[in-house]
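The primary structure of each chain is shown beneath.
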Amino acid sequence: MAIAANRIDMRVNEQVKQLAERAANALGCTVTEYLVRLIQQDAPKVLRGETEIVLSNAQFDRFAELCKQTTPPSPRIREAARSLDTEGF
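So, here is what we can say about the structure in this document. (Residues numbered from 1 in each chain as written. Predicted model: local features only at pLDDT ≥ 70, side-chain atom pairs only at ≥ 80, totals over all residues. Heavy atoms only, no water.)

## Observations concerning the overall build of the protein
Next, step 1: When you go through the protein residue by residue, the secondary structure sums to 4 helices and 0 strands.
Next, step 2: For the protein, the sequential pattern of α-helices and β-strands runs α-α-α-α.
Next, step 3: By the compact-globule yardstick of 12 Å for 89 residues, the protein is too spread out, its C-alpha radius of gyration being 25 Å.
Next, step 4: Relative to its full complement of 89 residues, the protein shows a buried share of 4%.
Next, step 5: When the accessible surface of the protein is totalled, it reaches about 8700 Å², and 56% of it is carbon and sulfur.
Next, step 6: Of the side-chain charges in the protein, 12 are positive and 12 negative, and the distance between the mean point of each set is 2 Å. (Helix = DSSP H or I, 4+ residues; strand = E, 2+ residues; numbered from the N terminus. Rg over C-alpha atoms; globule rule 2.2 N^0.38 Å. Buried < 20%, exposed > 50% of the residue type's maximum accessible area, 1.4 Å probe, protein only. Areas by Shrake-Rupley, 256 points an atom, 1.4 Å probe, with all protein chains shown as cover. Lys, Arg positive; Asp, Glu negative; His and termini not counted. Charge placed at Lys NZ, Arg CZ, Asp CG, Glu CD.)

What follows is the structure, encoded as structure tokens:
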């Protein structure tokens, strides 16, 4: 395992500290190792939840149908697009 070069300092109440120490002890590791393990397990799930959309088959079918419907952009949308083009976006 690579040597850690970065720190995360945090303050917790006594109850949380004791709980973390007890859990780490039960797993035979340090509190730091325990917290790193928790972050490595949980963070990817949290990030997936923020970046992925899961649809049922019915929801996807409805989405696909809506995508097939074409309506021309309104004059306000066209003007906004022109403004963005002018500003370099």
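## Here's the deal with the packing of aromatic side chains
Next, step 1: Counting across every chain of the model gives 1 aromatic pair.
Next, step 2: With centroids separated by 6.4 Å and ring planes inclined at 40°, the aromatic side chains of Phe60 and Phe63 adopt a geometry described as tilted. Here Phe60 and its partner Phe63 are both found in helix H3 (residues 57-68), 3 residues apart, which amounts to about one turn of the helix.
Next, step 3: Since its relative accessible area comes to 45%, Phe60 is described here as partly exposed.
Next, step 4: Residue Phe63 is classed as partly exposed on the basis of its relative accessible area, which comes to 44%. (Phe/Tyr/Trp six-rings, centres within 6.5 Å; stacked < 30°, edge-to-face > 60°.)

## Observations regarding the environment of Ile77
Next, step 1: By the secondary structure assignment, Ile77 is in helix H4 (residues 75-87).
Next, step 2: The spatial distance from the C-alpha of Ile77 to the C-alpha of Glu33 is 52 Å, given a sequence separation of 44 residues.

Purely geometric numbers; function is a separate question.
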